[in-house]
Amino acid sequence: MKGKHHSKLLKDICDFLGSDLDSPPCSSIKEHLEKCKNCEIYVDKLKKTVALYRKLSMDTKVPDRVNRELFAKIYFSKDKDKGREK
Amino acid sequence: MVNRLEEDKILQRARQGDRDAFAELVKMYGDRIYGLALRMTGNEKDAEDVYQDTFLMALRKLDQFKGESSFFTWVYHIAINMAISKIKQRKKNFSENGLEDPDFDRLHQEPQKSWPDIELTQVDRERFRKKLSKALEKLPEIYRTVFILRDMHGLSTEETARILEITPSNTKIRLMRARNFLKNELESFLKEEGILL
């Protein structure tokens, strides 16, 4: 399969990446992937790329210094509010 | 992880001015908000500003939070808007620097080599993380924001489009180009590491 149709299908694959490929909107994509090795490999690479980035986003921690500053501001704003109430 | 009921109790205390309760909420969701800020702004200094300003704004506007969404969703949207403002202030690459569509024709002209399952033990973990971050930073902002919201944080196409004030079809195009760009970057790195031949 070549040309526009193929390109559109791959764009759809990109959109549905991560969705359940057994769901009805994905059935034509799934069917194509079963027949087309190059597309299957391409989609697999995209999936692995996304999975690695998801993992990266889950690993991030707030630096302690940044939290200390934030908590100081949170508690300081309470003191300021009290000051205004007086 | 606390459940919604426990979160509501903490929120109630925070609304009554209990700063310890608000600090608990920060501890619960801080890492995720900071991660979003870091990826969207692409640097630690801006991420720290976005992170702190987000929670300080949430504290100020806590009485306006009606509980129609979860507290996290509400704060998350504040953080996205803060990060977008920060990026726009810098005006760096926000509207230009287009990427091309993947060359789908070429994809079918030569046999594709598949990737193995990439175990983080195969590479220097810290160096790999830095490489992933660097590749993300290289993506022009208009693509990066879409990729972060859609793929790293799991927002829908429609929600991403609404937040970024672009059309859903534009969101899809940007996402496709972003994924393809990052895949290529990652492929180069894996070749350098000798994991791919």
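Everything that follows concerns the structure shown earlier in this document.
Conventions used here
Residues numbered from 1 in each chain as written. Chains lettered and ligands numbered in written order. Predicted model: local features only at pLDDT ≥ 70, side-chain atom pairs only at ≥ 80, totals over all residues. Heavy atoms only, no water. Disulfide = S-S within 2.5 Å. Buried < 20%, exposed > 50% of the residue type's maximum accessible area, 1.4 Å probe, protein only. Core = buried A, V, L, I, M, F, W, Y, C linked by side-chain atoms within 4.5 Å. Domains from an automatic or database assignment. Contact = heavy atoms within 4.5 Å. Phe/Tyr/Trp six-rings, centres within 6.5 Å; stacked < 30°, edge-to-face > 60°. Helix = DSSP H or I, 4+ residues; strand = E, 2+ residues; numbered from the N terminus. Lys NZ or Arg CZ within 6 Å of the ring centre and 35° of its normal. Salt bridge = Lys/Arg side-chain N within 4 Å of Asp/Glu carboxyl O. Buried area = accessible area lost by both parts, 1.4 Å probe. Polar contact = N/O pair within 3.5 Å; in protein donor to acceptor, adjacent residues only side chain to side chain. Nonpolar A, V, L, I, M, F, W, Y, C, P; charged D, E, K, R; others polar.

1. Topic: the state of the cysteines
Residues and elements named next belong to chain A.
Here's step 1: In total, this model carries zero disulfides over all chains according to the counting rule given.
Here's step 2: Cysteine Cys36 shares no disulfide, and the gap to the nearest cysteine sulfur, in Cys39, comes to 3.7 Å.
Here's step 3: Classification of Cys39 by relative accessible area gives buried; the value is 0%.

2. A short note on the nonpolar core
Here's step 1: Ranked by internal contacts, the top residues of the largest apolar core, which has 73 residues, are Tyr53 of chain A together with Phe22, Tyr51, Phe71, Phe147 and Leu149 of chain B.
Here's step 2: For this core, the two domains that each supply at least three residues are domain 1 (4-90) and domain 2 (104-192) of chain B.
Here's step 3: Setting aside residues no more than four positions away along its own chain, Tyr51 of chain B makes contact with Val62, Val66, Asn67 and Leu70 of chain A together with Val26, Gly30, Ile33, Tyr34 and Ala37 of chain B.
Here's step 4: Counting five residues, the second largest nonpolar core, distinct from the first, contains Ile29, Leu33, Cys36 and Cys39 of chain A.

3. Section: the packing of aromatic side chains
What characterises a pair of aromatic rings is the spacing of the ring centres plus the angle enclosed by the ring planes.
Here's step 1: Throughout the structure, instances matching the rule amount to eleven aromatic pairs over all chains.
Here's step 2: Measuring from centroid to centroid gives 5.8 Å for Tyr34 of chain B and Tyr51 of chain B, while their planes differ by 90°, and the two rings are edge-to-face. On the criterion of sequence distance, the pair formed by Tyr34 of chain B in helix H2 (residues 19-41) and Tyr51 of chain B in helix H3 (residues 44-60) is long-range, its members being 17 residues apart.
Here's step 3: Note on Tyr34 of chain B: relative accessible area 3%, which makes it buried.
Here's step 4: Here Tyr51 of chain B falls in the buried class, since its relative accessible area comes to 0%.
Here's step 5: Of note, Lys27 of chain B hangs over the ring of Phe71 of chain A, and the distance from its end group to the ring centre comes to 5.7 Å.
Here's step 6: For the cation-ring pair, Arg32 of chain B lies above Phe72 of chain B, with the distance from its terminal atom to the ring centre recorded as 3.9 Å.

4. Digging into the pattern of salt bridges
Here's step 1: A complete count under the given rule lists 15 salt bridges over all chains for this structure.
Here's step 2: Between Lys48 of chain A and Asp44 of chain A there is a salt bridge, and its shortest N-O distance comes to 3.0 Å. On the criterion of helical spacing, the pair formed by Lys48 of chain A and Asp44 of chain A is a turn pair, its members being four residues apart in helix H3 (residues 37-58).
Here's step 3: Judged by its relative accessible area of 15%, Lys48 of chain A falls in the buried class.
Here's step 4: Accessibility expressed as a relative area gives 28% for Asp44 of chain A, which makes it partly exposed.
Here's step 5: With a shortest N-O distance of 3.3 Å, Glu24 of chain B and Arg13 of chain B are connected by a salt bridge. Taken together, the positions of Glu24 of chain B in helix H2 and Arg13 of chain B in helix H1 (residues 4-15) put the pair eleven residues apart, joining distant regions of the chain.
Here's step 6: Salt bridges sharing common partners tie together Lys45 of chain A together with Lys183 and Glu187 of chain B.

5. Looking at the interface of chain A and chain B
A common way to state how big an interface is: give the accessible area lost once the parts meet.
Here's step 1: Facing 42 residues of chain A, the contacting portion of chain B comprises 55 residues.
Here's step 2: A combined buried area of about 4500 Å² lies between chain A and chain B, and 62% of that area is made up of carbon and sulfur atoms.
Here's step 3: Summed over the three residues of chain A that lose the most area to chain B, namely Lys45, Leu52 and Tyr53 of chain A, the buried surface amounts to 16% of that side.
Here's step 4: Between the two partners, chain A and chain B, sit three salt bridges.
Here's step 5: Linking Glu187 of chain B and Lys45 of chain A is a salt bridge whose minimum nitrogen-to-oxygen distance equals 3.0 Å.
Here's step 6: The interface formed by chain A and chain B holds 14 residue pairs in polar contact (both at pLDDT 80 or more) in total.
Here's step 7: Of all the elements in the fold, those that place two or more residues in the side of chain A that touches chain B are helix H1 (3-16), H3 and helix H4 (64-85) of chain A.
Here's step 8: Grouping the amino acids of the side of chain A that touches chain B by side-chain chemistry returns 19 nonpolar, nine polar and 14 charged.

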